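Given next are the chains, with one letter for each unit.
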Amino acid sequence: MNRRFGAGTLTVATWVIAILFVFPLLWMILTAFKQEADAYTDPPRLFFEPTLDQFAGVLERGFLPYLSNSAFVTIVSTLFVLLLGIPAAYALSLAPVKGTSNALGFFLSTKMLPIVAAIIPLYVISQNIQLLDNVWALIILYTSMNLPLAIWMMRSFFLEVPHEMIEAARIDGATLPILLRKIIMPVVAPGVAATALICVIFSWTEFFYSVNLTAARAGTVPVFLVGFITSEGLYWAQLSAAALLASLPVMIVGWIAQNHLVRGLSMGAVK
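Residues numbered from 1 in each chain as written. Predicted model: local features only at pLDDT ≥ 70, side-chain atom pairs only at ≥ 80, totals over all residues. Heavy atoms only, no water.

Asker: Account for the overall build of the protein chain, with residues named and values stated.
Answerer: Secondary structure summary: the protein chain contains 13 helices and two strands in total. Taken along the three principal axes of its C-alpha coordinates, the protein chain extends 70 × 70 × 30 Å. For the protein chain, long-range pairs separated by at least 24 residues make up 76% of all intrachain contacts whose partners lie at least 6 apart in sequence. Accessible area for the protein chain stands at about 16,100 Å²; split by element, carbon and sulfur atoms hold 71% of it. Taken as two groups, the 14 positive and 13 negative side-chain charges of the protein chain have centres that lie 15 Å from each other. (Helix = DSSP H or I, 4+ residues; strand = E, 2+ residues; numbered from the N terminus. Contact = heavy atoms within 4.5 Å. Areas by Shrake-Rupley, 256 points an atom, 1.4 Å probe, with all protein chains shown as cover. Lys, Arg positive; Asp, Glu negative; His and termini not counted. Charge placed at Lys NZ, Arg CZ, Asp CG, Glu CD.)

Structure representation (structure tokens):
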């Protein structure tokens, strides 16, 4: 009886916590289909006539160029992170490299510098090399921002590869490219997918670098959302529509890759 009561209590608590976490997203979706007058009612109006006017208004304000900038910067920077991080993680986990702990400590130390402390030098450098208001400046910064975390994550995944499998492949004459492509990568693929997804989320939602280093040509989706903060106040319905459109790509990617994400993040948890 006590066990059933405990299980029931845990189930109810889980549902309450899940609803608390999901409620802001549900309210944003609901508000996105309202007129501005319906979005400002007190108490909030749950029953209303849905409309797509807010989405049309967001598109008319030039949302698509910001969306394309975010997509390009996110995809390219994530690819660079994987291209640089996979060999580094291999070298720090499965290959005999001297100074592994020092290298890992250095990677971790780069995440301790507040980004606000580096924005002025980065702004000056970007201006001097003609990369101010350019998507490639963001690609370089996002790659350097996500690379230390990616190396740490993928190193833990590479450590789960059985050494016997690697030794057998080497005895059979497998070279390093073949060893990585045909032996190691199939084993750590879920972990690499989880790392890539986290890099996508961090790049897509990054705001500070984008708002300070871009203007008209290279602005990303978070910068576009700031445009809804005006001296007249907030347009809640249109802002909710813009936020929903901005969140959809990441939510779709996360939904598609959720199995790889769970498998990747749980690698090494069960021996």
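Asker: Describe the nonpolar core, with residues and values.
Answerer: Across soluble globular proteins, nonpolar side chains have a tendency to be buried as a group. Ranked by size, the top nonpolar core spans 28 residues in total, and within it Met154, Phe158, Ile184 and Val188 carry the most contacts. Put simply, the parts of the chain that give this core at least two residues each are helix H4 (63-93), helix H5 (100-109), helix H7 (135-158), helix H8 (163-171) and helix H9 (176-205). It is H9 that provides the largest number of residues to this core, a total of nine residues. In this structure, Ile184 is in contact with Tyr90, Leu94, Phe158, Val161, Ile166 and Leu179, ignoring residues within four places of it in sequence. (Core = buried A, V, L, I, M, F, W, Y, C linked by side-chain atoms within 4.5 Å. Buried < 20%, exposed > 50% of the residue type's maximum accessible area, 1.4 Å probe, protein only.)

Asker: So what's going on with the packing of aromatic side chains? Residues and values would help.
Answerer: A full pass over the atoms with the stated rule returns seven aromatic pairs. Their ring planes at 85° and their centres at 5.7 Å tell us that Phe72 and Trp136 sit as a pair that is edge-to-face. Of the two residues, Phe72 sits in helix H4 while Trp136 sits in helix H7, which places them 64 residues apart along the sequence. For Trp136, a relative accessible area of 39% puts it in the partly exposed group. Taken together, Phe63, Tyr66, Phe224 and Phe228 form an aromatic cluster joined through their ring pairs. Of note, Arg61 hangs over the ring of Phe228, and the distance from its end group to the ring centre comes to 4.1 Å. (Phe/Tyr/Trp six-rings, centres within 6.5 Å; stacked < 30°, edge-to-face > 60°. Lys NZ or Arg CZ within 6 Å of the ring centre and 35° of its normal.)

Asker: Hey, could you go over the layout of surface pockets for me, with residue numbers and the actual values?
Answerer: Rolling a probe over the atoms, with the probe sized like a water molecule, indicates the empty space that remains. For the largest pocket, the calculated volume is near 320 Å³. Residue lining of the largest pocket: 14 residues in total, with Thr110, Lys111, Ser144, Met145 and Tyr209 positioned closest to the centre. Considering each element in turn, the lining of the largest pocket owes the most residues, six residues, to H7. Split by residue class, the lining of the largest pocket holds 11 nonpolar, two polar and one charged. (1 Å grid on protein atoms, 1.4 Å probe; cavity = no way out; pocket = protein on both sides within 12 Å on 5 of 7 lines; lining within 4 Å. Points joined across faces, edges and corners; volume = space filled by probe spheres on them. Nonpolar A, V, L, I, M, F, W, Y, C, P; charged D, E, K, R; others polar.)

Asker: I'd like to hear about the confidence of the model for the protein chain, residue by residue, with values.
Answerer: Mean pLDDT over the protein chain stands at 84; residues scoring 70 or higher make up 91%. Mean pLDDT values for the elements of the protein chain range from 63 in helix H13 (residues 258-265) up to 92 in H4. (pLDDT = per-residue confidence, 0-100.)

Asker: Before we move on, could you go through H5 and cite the residues and values that matter?
Answerer: Burial in H5 covers these residues: Thr100, Leu104 and Phe107. Projection of H5 onto a plane perpendicular to its axis shows the buried side chains occupying an angular sector of 60°, all on one side. Facing away from the buried side of H5 by over 90 degrees, the exposed positions are Ser101, Asn102 and Phe106. Tucked into the core, H5 has its buried residues touching H4 and H7. (Arc of directions from axis to C-beta.)

Asker: Kindly report on the pattern of salt bridges, identifying the contributing residues and their values.
Answerer: Using the criterion set out here, one finds two salt bridges in the structure. Residue Arg217 pairs with Asp133 through a salt bridge whose shortest N-O separation is 3.6 Å. Pair noted here: Arg217 is in the loop between helix H10 (208-213) and helix H11 (221-226) and Asp133 is in the loop between helix H6 (115-128) and H7, with a separation of 84 residues, a long-range link. According to the relative accessible area criterion, Asp133 is buried, its value standing at 12%. For the salt bridge of Glu167 with Arg170, the shortest nitrogen-to-oxygen distance reads 3.5 Å. (Salt bridge = Lys/Arg side-chain N within 4 Å of Asp/Glu carboxyl O.)

Asker: Could you give me a rundown of a nonpolar patch on the surface, with the residues and numbers involved?
Answerer: A surface patch of nonpolar side chains, amounting to about 500 Å² of accessible area, comprises Phe72, Phe80, Leu83, Leu84 and Trp136. A per-element tally of the nonpolar patch places H4 first, with four residues. Tracing the sequence through the fold places Phe80 in helix H4. Phe80 gets classed as partly exposed once you look at its relative accessible area, which sits at 35%. (Patch = residues over 30% accessible without salt bridge, like charges linked within 9 Å, V, L, I, M, F, W, Y side chains within 5 Å.)

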